[in-house]
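Spelled out, the chains give:
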Amino acid sequence: MNDLGQGIVADVETWSGKDRGDENFPVGSLLIQRKYRQPMHCFYSFARNADDIADSPCLAAADKVARLTLMEDVLLGRRDSGSRSATALRTSLAETGVSPIHAAELLVAFRRDATTLRYQTIDELYDYCRYSAVPVGRYVLDLHGESHDCYAPSDALCTSLQILNHLQDGARDLAELDRCYLPQALLNQFGGSVEDLRRPVETPGLRRVRLTLLEQTDRLNQTATHLPGTVRNIRLRLETAVILGLAERLARRLTNNDPLATRVKLKKTDAAFSVLGSVFRR
């Protein structure tokens, strides 16, 4: 299917069955004003379907790239059919007046997922996060009409969330997709290897890589503490404070637990405590 042409084609999406409830962090929760929730869910659906294409174990890399390119063509109005979520998002963006740039930038990361299996440096990892995570926060801010002054702390929070996810799912990414986001330079520095992710417990070198990346997420989360106070919309302010609280709790949990030996994840109580904590960040 890597030559999709310009005619009418069947939908290229390959939904995995995952939805908003499967994510670590809230996506357009009840804290968000009703008028913004559906557009956010539309954006999420587009991102979810693109991610499912990039992570499909059944599609060749060229087929993934072709499908993602078709999604972009539908998103930008270069074609009319082939991706239901892109069509819905294009309509939503027209209604809300938000630029399609954020959704288009997500596709940069998903195409990279289809073709890049290793990252050499932490700068390469940050550049990946610039396209895989940062656009999500910027879209939400633009949807709410927030100032671009919010971009820097939002970028930091989104980057932190992405790295935390990589640390959670590193073993699964390697086992299912032969993909590793841990920078090879860090692995070399601490005497670790990609293959260490296949072990039942961490090696000392892999542990040092994890803790080094968690030091980075702590710094990013510190930058992100400015976000709730910068956001004007009160309900979005609460949402960002909750997400920041969850990021901090997940970072602590990953600091204290080996993600190879046990599944490190957030619990429902974490969400409750983060909601309570959000009141004091306002």
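Coordinates for the structure precede this section.
Residues numbered from 1 in each chain as written. Predicted model: local features only at pLDDT ≥ 70, side-chain atom pairs only at ≥ 80, totals over all residues. Heavy atoms only, no water.

### Quick notes on the pattern of salt bridges
All chains considered together, the criterion is met by 19 salt bridges. Residues R130 and E105 are paired through a salt bridge, measuring 3.0 Å at the closest nitrogen-oxygen approach. Highlighted residues: R130 in helix α5 (residues 122-132) and E105 in helix α4 (residues 101-115), separated in sequence by 25 residues. Assessed through its relative accessible area of 23%, R130 is described here as partly exposed. R172 is the salt-bridge partner of D169, the closest N and O atoms lying 3.2 Å from each other. Residue D169 and its partner R172 are located together in helix α7 (residues 151-177), separated by three residues, close to a single helical turn. What makes D169 buried here is its relative accessible area of 7%. Residue classification places R172 among the partly exposed positions, given a relative accessible area of 40%. What emerges from the salt-bridge pattern is a single network uniting E72, D73, R78 and R111. (Salt bridge = Lys/Arg side-chain N within 4 Å of Asp/Glu carboxyl O. Helix = DSSP H or I, 4+ residues; strand = E, 2+ residues; numbered from the N terminus. Buried < 20%, exposed > 50% of the residue type's maximum accessible area, 1.4 Å probe, protein only.)

### As for the environment of L125
Here L125 lies in helix α5. Taking relative accessible area as the criterion, L125 reaches 1% and is therefore assigned buried. Linking L125 and I163, residues 38 residues apart in sequence, is a C-alpha distance of 8.5 Å. When neighbours within four sequence positions are excluded, L125 is seen to be in contact with Y119, I163, H166, Y181, P183 and L213. (Contact = heavy atoms within 4.5 Å.)

### Things to note about helix α9 (residues 204-224)
Taking 1.5 Å per residue as the helical rise, α9 with its 21 residues ought to reach 30 Å, and the 30 Å between its terminal C-alpha atoms agrees with that figure. If you check which residues of α9 are buried, you get G205, L206, V209, R210, T212, L213, L214, Q216, T217, L220, N221 and A224. (Expected span 1.5 Å × (residues − 1).)

### Considerations on the nonpolar core
Ranked by size, the top nonpolar core spans 72 residues in total, and within it F46, L75, L89, Y139, L157, L182 and L213 carry the most contacts. Not counting chain neighbours up to four residues away, the residues in contact with Y139 comprise P39, M40, F43, L93, V98 and H102. (Core = buried A, V, L, I, M, F, W, Y, C linked by side-chain atoms within 4.5 Å.)

### Description of the packing of aromatic side chains
Geometrically, a pair of aromatic rings is defined through the distance of the ring centres and the angle of the planes. Going through the model one piece at a time under the given rule, you end up with four aromatic pairs. On the numbers, 5.6 Å between centres and 20° between planes, the contact of Y119 with Y181 is stacked. Here the residue Y119 occupies a position in the loop between α4 and α5, and Y181 occupies one in the loop between α7 and α8 (184-189), the gap between them amounting to 62 residues. The class of Y119 is buried, set by a relative accessible area of 3%. Above the plane of the ring of Y131 lies R130, whose end atom (NZ or CZ) is 5.1 Å from the centre. (Phe/Tyr/Trp six-rings, centres within 6.5 Å; stacked < 30°, edge-to-face > 60°. Lys NZ or Arg CZ within 6 Å of the ring centre and 35° of its normal.)

### Section: α5
For α5, the complete set of buried residues consists of L125, Y128, C129 and S132. Taken around the axis of α5, the buried residues stretch over an arc of 100°, which confines them to a single face. Residues of α5 that are buried sit in contact with α4, α6 (134-143), α7 and α9. (Arc of directions from axis to C-beta.)

### A closer look at the packing of α4 against α5
Contact geometry for α4 and α5: axes closest at 6 Å, N-to-C directions at 130°. Between α4 and α5, the angle falls in the class oblique. Where α4 approaches α5, its residues E105, L106, V108, A109, R112 and D113 are matched on the opposing element by D127, Y128, R130, Y131 and S132. Here the residues of the contact of α4 with α5 sort into five nonpolar, one polar and five charged. (Axes fitted to C-alpha atoms, helices over the stretch in contact; angles between N-to-C directions. Parallel < 35°, antiparallel > 145°, perpendicular 65-115°, else oblique. Nonpolar A, V, L, I, M, F, W, Y, C, P; charged D, E, K, R; others polar.)

### Looking at the environment of A88
Here A88 lies in helix α3 (residues 84-96). Assessed through its relative accessible area of 33%, A88 is described here as partly exposed. A88 sits 49 residues away from P39 along the chain, and the two C-alpha atoms are 9.4 Å apart.

### Structural notes on the packing of α4 against α6
Viewed as axis vectors pointing N to C, α4 and α6 meet at an angle of 175°, and their least axial separation amounts to 9 Å. When the axes of α4 and α6 are compared, the pair comes out roughly antiparallel. Residues H102, E105 and L106 of α4 lie in contact with α6, whose contacting residues are P135, V136, R138, Y139 and D142. Of the residues that constitute the contact of α4 with α6, the class distribution is four nonpolar, one polar and three charged.

### Structural notes on the environment of P135
Note that P135 resides in helix α6. Taking the C-alpha atoms as reference points, P135 and I101, separated by 34 residues in sequence, lie 8.2 Å from one another. Residues contacting P135, with those up to four places away along its chain left out, are F43, H102, E105, L106 and R130.

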